[in-house]
Structure formats: structure tokens, C-alpha cells
Amino acid sequence: MDELYREVLLEHYKNPQNSGKLINPDIVQKDSNPLCGDVVEFYLRLKEGKVTEVSFEGKGCVICMATSDILSEKFKGMSLDEIQSMQREEVLDILGLNLTHTRVKCAMLPLVAVKKGIIEFKSKGEKK
Amino acid sequence: MKDFPIVQELHYLDNAATTQRPLQLVEAMKDYTLKFNANAHRGIYSIGEKSTEIVEDTRKKVANWINASPEEIVFTKGTTEAINIVARGLKKSKIYLTQLEHHANFVPWQQFHEVIIANYDENTDKVNFDFEKEFDVLATTYMSNVTGSILPVKELIRKAKEKRALALVDAAQVIGHKKIDVKDLGCDFLAFSAHKMYGPTGVGVLYIKKEVQELVKPLIYGGNMIKNVTLEKTELAQGIQRFEAGTMDIAGIAGFNAALDYLAQNIENFSLNEEKLTCYLLEKLDEQKIKYFGHKNSSGPVVSFVLDVHPHDVSTILDRYNVCIRAGHHCAQPLMQCLGVVATCRVSFAGYNTKEDVDKLIQGLKEARRVING
């Protein structure tokens with residue numbers, strides 16, 4: 001069956017490389033999916049406008065958790081603007097999955113959370 | 001089940017969300033649409049009169065089904081609208097709710113009134129009411145859409161009435177499984193949806209006891225709910241007509257009419273079958289050491305459970321076996337907080353389900369554990 005639950009995704013789910021908290025992150029953002037109760041919290045550290053370190057903590061389904069781990073890796077080295085311009089199609093391409101409407105929300109939660117964190121971070125910068 | 005072609009290939013176990021529809025309903029809606037489509041309570045020509053007749057005949061059948069009078073039956077688009085009519089139409093009051101409520105019988109009250117909550121105890125599978133408390137309206141579910149727990153509604157209403165409170169019953173979950181008698185219950189309001197009793201979506205019912213109809217202001221204003229309109233003011237119609245502004249889903253009501261006949265013929269066999277399947281499922285879950293909630297007291301054919309795989313992943317994998325279950329919080333987040341989970345898997349039966357549906361489910365659950373946990 002299992003395109004959706006193929007080894008590589010299950011590996012990210014069972015043994016995430018980027019899970020845990022960062023001390024003194026520049027961006028911290030939590031978000032949840034009210035439909036299923038999936039929760040993720042992302043931690044990002046920045047240097048010269050680029051993301052140098054990313055980690056996350058969370059509880060959720062295979063799609064949500066595996067995507068969190070995969071995107072954490074992807075974000076490293078990107079600028080905040082680049083992350084903000086990422087679209088849903090790009091996430092689905094990276095995952096290589098054909099997801100149903102409801103499950104797309106599971107896959108999008110990590111990016112939605114990080115984008116929220118970036119907006120918050122930028123608005124704080126403007127206030128300063 | 002020859003009356004439900006869709007379940008020939010499908011193990012449909014999400015009946016608490018909506019039930020499948022028998023062919024008899026499809027025929028009735030088709031017949032109405034092709035032969036009689038016209039607005040009800042308006043046209044003075046044959047098909048207009050026929051449309052009115054269909055609506056009023058259905059109202060009579062609904063009234064008979066719950067032992068009410070047709071003058072106490074309001075058609076709505078579902079349970080949610082029915083409860084909103086009452087919650088928004090009563091003056092601001094103190095409302096006694098339970099932790100088992102579906103959001104439909106929780107959020108409207110919380111928005112517009114002061115609410116107090118009777119907590120659910122998962123260990124005893126009971127709701128702990130304190131009738132020493134002061135309240136104006138008891139608004140309670142008859143049967144939980146998550147645990148299947150059936151509340152002693154008649155007894156609760158009796159106690160509420162001793163305090164001169166009004167009583168509303170959310171009967172959405174119970175209506176397809178058990179005959180209800182509003183006079184015996186003693187409630188003032190009862191709400192349910194056609195689509196949880198083999199009927200179509202878009203049609204629901206609010207029973208409002210005659211004596212309390214004047215206490216409720218209409219929710220929606222417009223055509224068909226007035227007595228007289230002038231440039232200066234509008235005089236509203238009396239009785240239930242005040243609550244039925246605008247054009248109804250008449251084809252849906254025609255389908256509901258057929259669904260009521262169907263349920264009347266089958267409810268005894270169906271509920272016996274559902275009871276046996278629930279027992280069979282609980283045995284199988286025990287065998288698999290899968291934790292389920294409630295089912296320690298009187299319960300209906302709804303079972304929520306959790307295993308070591310996220311409910312969304314369970315549901316996706318079961319879909320490969322043509323098994324449809326629900327995964328999520330089931331619009332009952334206050335209850336989820338009490339159960340200490342954010343989501344569960346939920347199986348809910350209808351009359352057409354079989355042991356084979358449960359066997360397929362269990363096979364799928366084993367597979368989900370194998371795929372995800374290895």
C-alpha cells in the first residue's frame with residue numbers, strides 16, 4: 001500500500017533528526033490543528049538573515065511529524081523571505097505525496113507555524 | 001443490505017456523523033423533484049398544494065414519531081440550527097450543560113448565556129449533576145456522540161422541573177436508534193437531524209412544547225413567518241410558523257418522510273443488530289488490548305478508542321480496507337479534555353452494519369500497528 005507510509009517517512013517519524021528545544025532561539029512558534037489536535041512548536045536560530053539552526057517538538061500523526069522533521073532540515077540555510085514565499089505545492093513536492101484534502105492540513109501545519117513565527121519576529125523588529 | 005447499495009462495497013462505520021440513505025428515500029426525492037417541485041405554503045395550484053401536503057404530512061409523521069402534536073414541530077436545517085433557535089431566542093439565562101455535549105449544544109449557550117457544567121466521570125461513565133445549584137435551563141444530550149453514554153434524561157428533567165427550569169434535549173445521536181416520547185420525557189425542547197436517521201442532510205427538527213413557544217423569539221426573519229407587514233411594522237405569525245422563515249428544503253423533507261417510514265419498519269431489528277455489534281466490537285477491542293472509553297453503563301452503538309497509532313493514521317490506513325471510521329475530537333473538545341486525549345478513533349453502527357464490518361476493522365487496526373510501529 002504504502003506510498004504514504006513508506007520507510008523514509010516512517011524513519012523521520014520514529015527517529016526525527018531535528019526534534020528537541022533550542023536555548024535562546026530567535027523565533028519560537030507553536031501551532032495546532034484543531035481538527036485532530038496535532039501540535040508543533042518550532043525553534044529557529046538566525047545569523048545574518050539566514051536560518052542556521054531549526055528544531056521542533058510536537059505530538060501528532062505520521063504526516064505532521066515527518067513533515068516537521070523534513071522541513072526543519074530544508075529551512076536550514078534559507079532566508080526568512082524564502083521560507084515565507086514557500087507554498088503548499090512545494091511542501092507536497094518535497095514529501096512526494098498525493099494527500100487528500102484533510103491530510104494536506106497535517107502536512108501544512110509545520111510551515112504554517114514557522115510562517116506565523118516569522119511574521120511575529122519581523123513585526124517585533126519593526127517596533128524596535 | 002439491498003436497500004443501501006453504498007454499503008455493498010464499503011464498511012461504513014461513521015454513522016454517528018451521518019447515516020447512509022435507503023433507496024426508498026432516493027425514490028421519494030426523485031419523485032417529488034420530477035413531479036411536484038413547487039414552493040410550499042404559497043402556490044394555489046396542484047403541484048403547489050401537493051408540496052404543502054408533503055411538508056405537512058411529514059410534520060405529522062415526525063409528531064407521531066416522538067408523541068408530539070404537529071403544531072409543536074419546527075423544520076430546521078439540522079440539530080445545530082434547532083438548538084440555536086432556542087439558545088438565541090430565550091432571554092439571557094443560567095444554563096446547566098454536561099461535559100458530554102457536542103459543540104452544537106455547547107457553543108451557542110456559551111456565547112449568549114451564563115453556563116454551568118456537570119462533569120463527566122470516565123471511571124463511572126456518569127455525569128455528576130448537582131441539583132442544589134440554581135439554573136434556568138437544563139440543556140443535555142440524550143446520548144454522547146463520543147462515548148455512546150446514554151443519560152437518564154427523564155430523571156434529569158424531572159429534577160430540573162422541580163426547580164421550575166426549562167429542559168432541552170439534544171437527541172441527535174439517539175434518534176436513529178431508539179424511539180423517543182417527548183411527553184414521557186417531559187422536555188420543553190428536543191432537537192435532532194434527519195440525516196442521522198437514514199434521512200437526507202439539510203433537514204432537522206425542533207420540537208417546542210406549545211406552552212413555551214412564546215418564550216422563544218425567532219432566529220430568522222423574512223417571508224412566511226409573518227401575519228401582517230406594513231411600512232411601519234411587522235406583526236409576526238403565531239405558533240411554529242414564526243420559526244420557519246424562507247423556503248424549506250422541500251425535496252429533503254419528502255426524503256425525510258420516506259426515511260421515517262423506513263425507520264418505523266426497521267427500528268427494532270436495527271437496534272438489536274447494533275447492540276450485538278457493539279458487544280462484539282468491545283470483545284474484539286479487549287482481545288487486542290485497545291483502550292475504549294465509557295460503556296460501563298447504559299450506552300448506544302458508539303465506541304471511541306485509542307491505540308498506539310495516531311487516529312488520523314489509523315483512519316487513513318483503514319480507508320485502504322474500505323473501512324470508514326471517524327478520527328478526531330468529534331466536536332466535543334470539553335469531553336476530550338476530560339478523557340485526557342486530543343483525538344480518538346470512533347466507530348458508530350447503523351442497522352445495515354454486519355460482523356464482517358467489525359472483522360475488517362480489526363484486521364485494519366492490526367495492519368495500522370504493523371505499518372506504523374513495525
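K.L.:
How would you sum up the domain arrangement of chain B? Please name residues and give values.
P.N.:
Residue and element names in this part refer to chain B. Domain annotation for chain B reports domain 1 (5-20 + 267-373) and domain 2 (23-259). Look at where the C-alpha atoms of domain 1 and domain 2 centre, and you get two points 28 Å apart. Each side of the interface is counted separately: domain 1 has 38 residues, and domain 2 has 32 residues. Here domain 1 and domain 2 share an interface that buries about 2,700 Å² over both sides, 55% of which is from carbon and sulfur atoms. Our count for the contact surface shared by domain 1 and domain 2 stands at two salt bridges. Per element, the largest residue contribution to the side of domain 1 that touches domain 2 is six residues, and it comes from helix α9 (residues 333-339). Its residues assigned to classes, the side of domain 1 that touches domain 2 comprises 19 nonpolar, 15 polar and four charged.

K.L.:
An account of the sheet that holds strand β12 (residues 291-292) of chain B is requested, with residue identities and associated values reported.
P.N.:
Residues and elements named next belong to chain B. One open sheet accounts for four strands, arranged β12-β13-β16-β15; its pairing is antiparallel. In this open sheet, the two edge strands, each paired with only one partner strand, are β12 and β15 (326-328). As paired strands, strand β13 (residues 302-306) and strand β16 (residues 344-348) are joined by four bridges and run antiparallel to one another. Across the sheet, residue Val-303 finds its bridge partner in β16, namely Val-347.

K.L.:
How would you explain the sheet that holds strand β6 (residues 137-141) of chain B if you had to name every residue and give the values?
P.N.:
Residue and element names in this part refer to chain B. Across the sheet, eight strands lie side by side as β2-β9-β8-β7-β6-β3-β4-β5; this open sheet has mixed pairing. Here the strands that pair on one side only, and so sit at the sheet edges, are β2 (73-76) and β5 (126-128). Across the sheet, the axes of successive neighbouring strands diverge by a mean angle of 20 degrees, strand direction being ignored. Pairing of β6 with strand β7 (residues 166-170) involves five bridges; the strand directions are parallel.

K.L.:
Please set out the packing of helix α8 (residues 311-319) of chain B against helix α10 (residues 355-373) of chain B residue by residue, giving values where relevant.
P.N.:
Axes are the key here: two packed helices are described by the angle between their axes and the distance separating the axes. Residue and element names in this part refer to chain B. At their nearest, the axes of α8 and α10 sit 9 Å apart, and the two run at 120 degrees to each other. By the criterion of interaxial angle, the relationship of α8 to α10 is oblique. Once α8 is placed against α10, the crossing between them reads as right-handed. Note on element contacts: α10 touches α8 through Leu-361, Gly-364, Leu-365, Glu-367, Ala-368, Val-371 and Ile-372, opposite Asp-313, Val-314, Ile-317 and Leu-318.

K.L.:
So, the side chain of A:Asp69: which residues are in play, and what are the values?
P.N.:
Residues and elements named next belong to chain A. Its location among the elements puts Asp-69 in helix α2 (residues 62-75). Despite its burial, Asp-69 remains without a salt bridge, the nearest opposite charge being carried by Lys-76 at 7.5 Å. Polar contacts involving the side chain of Asp-69 include one to the main-chain amide nitrogen of Asn-18, which spans 2.9 Å.

K.L.:
Account for the nonpolar core, with residues named and values stated.
P.N.:
Side chains that are nonpolar tend, in soluble globular proteins, to be buried together. Within the largest apolar cluster, 72 residues are counted, with the highest numbers of intra-cluster contacts made by B:Ile66, B:Phe75, B:Leu190, B:Phe192 and B:Phe256. A domain split of this core shows at least three residues from each of domain 1 (5-20 + 267-373) and domain 2 (23-259) of chain B. In this structure B:Ile66 touches B:Ile73, B:Ile175, B:Ile180, B:Asp181, B:Val182, B:Leu190, B:Phe192 and B:Tyr207, once residues within four positions along its chain are discounted. One finds A:Val51, A:Ile63, A:Leu99 and B:Leu285 within the second-largest nonpolar core, a separate group that totals 66 residues.

Rules used in this analysis
Residues numbered from 1 in each chain as written. Chains lettered and ligands numbered in written order. Predicted model: local features only at pLDDT ≥ 70, side-chain atom pairs only at ≥ 80, totals over all residues. Heavy atoms only, no water. Domains from an automatic or database assignment. Contact = heavy atoms within 4.5 Å. Buried area = accessible area lost by both parts, 1.4 Å probe. Salt bridge = Lys/Arg side-chain N within 4 Å of Asp/Glu carboxyl O. Helix = DSSP H or I, 4+ residues; strand = E, 2+ residues; numbered from the N terminus. Nonpolar A, V, L, I, M, F, W, Y, C, P; charged D, E, K, R; others polar. Pairing = 2+ DSSP bridges. Axes fitted to C-alpha atoms, helices over the stretch in contact; angles between N-to-C directions. Parallel < 35°, antiparallel > 145°, perpendicular 65-115°, else oblique. Left-handed = near helix turned anticlockwise from the far one by under 90°. Buried < 20%, exposed > 50% of the residue type's maximum accessible area, 1.4 Å probe, protein only. Lys, Arg positive; Asp, Glu negative; His and termini not counted. Polar contact = N/O pair within 3.5 Å; in protein donor to acceptor, adjacent residues only side chain to side chain. Core = buried A, V, L, I, M, F, W, Y, C linked by side-chain atoms within 4.5 Å.

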